[in-house]
Amino acid sequence: MSDDPFVTHRSLLFTVAYEMLGSAADAEDVLQESWLRWADVDRAQVRDPRAYLVRVVTRQALNRLRTLSRSREDYVGEWLPEPLLTSPDVAEDVELAESVSIAMLTVLETLAPTERAVFVLREVFEVPYDEIAEAVGKSAAAVRQIARRAREHVAARQPRVRVSRSEQQAVVERFLLALRNGQLLELMEVLAPDVVLVADGGGLAAAAPTPVHGAELVAALLARADRAAFETTALWLNGAPAGRIERDGRQAAVSLVVENGRVTRIYATANPRKLTRLDEPTEFAR
């Protein structure tokens, strides 16, 4: 089994599915479905197992994504991707780390399913257009047009400035310290004036139902939280320094977008169903 191409490329296949779906649980289901299809294939007829498996996973993920797109319309409050614990090593591949970041995955949610698949395969994994065309059921010419539109769409919405890992880590630590102390002024100093807080409780945990805009409102909301048994822990989520907040047995994962030394966007995931993979690092690959 260790020599099976599916096992060899499993981390890559999971990354493809996760970037298309924003959910580790759904990505694992897609891999299971893909494995069953791979098990029935005549391997002698497969010239490039890696490319073949990527196509299979892409098709299964597209089917799942179209189903999820309908169900997410009924989601309670804001929907955020499932945060995953990673090792600092993921950040060594800057492009991979950026592609699995909560900020990028949130932007990808605004793409149509086929656009998302094309963008992920082309921009992240550099899959040739003809192979993408086969995976999504379009002509190569159509895929080129879809890729261009998706690229422009993402470029207009992704963070404008790429910061170093050390700067990101320093700002995250300042934010967590200010949050732990609960001091309004300390929080105001680390937040950009136009900061946005997006929280995901899924109807299962307390969370702002809509995005909160502006440093004053965000800081006031965070500072007035009950400090009883309140703990913050720095950790790596989705290839970047981030934080975990624990209070009264409940927890939330917090990912930050940093520009010019301040926090411009806060993604806080409190839905307990999305916090089940914060103890074992996930391996991403491309």
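Procedures and definitions
- Residues numbered from 1 in each chain as written.
- Predicted model: local features only at pLDDT ≥ 70, side-chain atom pairs only at ≥ 80, totals over all residues.
- Heavy atoms only, no water.
- Pairing = 2+ DSSP bridges.
- Helix = DSSP H or I, 4+ residues; strand = E, 2+ residues; numbered from the N terminus.
- Contact = heavy atoms within 4.5 Å.
- Core = buried A, V, L, I, M, F, W, Y, C linked by side-chain atoms within 4.5 Å.
- Buried < 20%, exposed > 50% of the residue type's maximum accessible area, 1.4 Å probe, protein only.
- 1 Å grid on protein atoms, 1.4 Å probe; cavity = no way out; pocket = protein on both sides within 12 Å on 5 of 7 lines; lining within 4 Å.
- Points joined across faces, edges and corners; volume = space filled by probe spheres on them.
- Axes fitted to C-alpha atoms, helices over the stretch in contact; angles between N-to-C directions.
- Phe/Tyr/Trp six-rings, centres within 6.5 Å; stacked < 30°, edge-to-face > 60°.

Enquirer: Hey, could you run me through the pairing of strand S3 (residues 230–237) in this one?
Expert: Across eight bridges, S3 lies against strand S4 (residues 240–247) in antiparallel orientation. Bridge pairing in S4 links Trp-236 to Pro-241. The hairpin formed by S3 and S4 contains two residues between the paired strands, and Asn-238 there has a positive phi angle of roughly 50°.

Enquirer: Please explain the environment of Leu-68 as it appears in this structure.
Expert: Position of Leu-68 among the secondary structure elements: in helix H4 (residues 49–71). The sequence separation of Leu-68 and Pro-113 amounts to 45 residues, and the corresponding C-alpha distance is 10.0 Å. Among residues more than four places away in sequence, those in contact with Leu-68 are Leu-21 and Asp-26.

Enquirer: Before we go on, may I ask you to explain the nonpolar core in this structure?
Expert: Proteins that are soluble and globular tend to have nonpolar side chains buried together. If you look at the biggest cluster of nonpolar residues, it comprises 52 residues, and the most contacted ones within it are Phe-14, Met-20, Leu-108 and Phe-284. For this core, the secondary-structure elements that each account for two or more residues are helix H2 (10–21), helix H3 (24–39), H4, helix H5 (94–99), helix H6 (102–108), helix H7 (113–124), helix H8 (129–136) and helix H9 (140–155). Setting aside chain neighbours within four positions, we find Phe-284 in contact with Phe-14, Thr-15, Tyr-18, Leu-84, Thr-86, Val-90, Leu-96 and Val-100. Grouped together as the second largest cluster of nonpolar side chains are 27 residues, Val-172, Val-190, Leu-191 and Leu-197 included.

Enquirer: I keep staring at empty space enclosed by the protein and nothing clicks. Help me out?
Expert: Take a probe with the size of a water molecule and roll it over the atoms, and the empty space left behind shows itself. Tallied over the full model, the rule gives one cavity of 30 Å³ or more. By volume, the largest cavity amounts to about 40 Å³. Looking at the largest cavity, the residues that line it are Ala-51, Val-54, Arg-55, Leu-121, Val-127, Glu-131 and Ala-135. Of all elements in the fold, only H4 and H8 reach the threshold of two or more residues within the lining of the largest cavity. In terms of residue count, the dominant contributor to the lining of the largest cavity is H4 (three residues).

Enquirer: Is there a simple way to explain the sheet that holds strand S6 (residues 262–269) in this structure?
Expert: The strands that make up a sheet pair up through hydrogen bonds in the backbone, lying either parallel or antiparallel. Across the sheet, which stays open at both edges, the six strands sit in the order S2-S1-S6-S5-S4-S3 with mixed pairing between neighbours. If you trace the sheet from one side to the other, it starts and ends with strand S2 (212–213) and S3, each paired once. Sheet contacts for helix H10 (residues 165–181): strand S1 (191–200), S3, S4, strand S5 (250–259) and S6; angle to S3, the most-contacted strand, approximately 165°. Along the sheet face, helix H12 (residues 215–223) touches S1, S2 and S6 and points at about 50° away from the line of S1.

Enquirer: It is not clear to me how the packing of aromatic side chains should be interpreted in this structure. Could you clarify?
Expert: Working definition: an aromatic ring pair is given by the centre-to-centre distance plus the angle between the planes. Scanning the entire structure with this criterion turns up five aromatic pairs. Summarising the aromatic geometry, the rings of Trp-38 and Tyr-52 are spaced 5.9 Å apart at their centres and angled 50° between planes, so their arrangement reads as tilted. A residue pair is termed long-range when its members are at least 10 positions apart, and Trp-38 in helix H3 and Tyr-52 in helix H4 qualify at 14 residues. With a relative accessible area of 2%, Trp-38 lands in the buried category. Take Tyr-52: its relative accessible area is 25%, and that puts it in the partly exposed class. One aromatic cluster is present, formed by Phe-14, Tyr-18 and Phe-284 through successive ring pairs.

Enquirer: It is not clear to me how the pairing of S5 should be interpreted in this structure. Could you clarify?
Expert: Every regular strand shows the same layout, with side chains that alternate between the two sheet faces. Burial analysis of S5 places eight of its ten residues in the buried class, the great majority of the element. Looking at chain direction, S4 and S5 are connected through five bridges and run antiparallel. Within the sheet, the bridge partner assigned to Ile-245 lies in S5 and is Ala-252. Hairpin geometry of S4 and S5 is characterised by an intervening segment of two residues between the two adjacent antiparallel strands and by a positive phi of about 55° at Asp-248. One ladder, built from seven bridges, connects S5 with S6; its direction is antiparallel.

It is worth stressing that arrangement in space is one thing and function is another; only the former is reported here.
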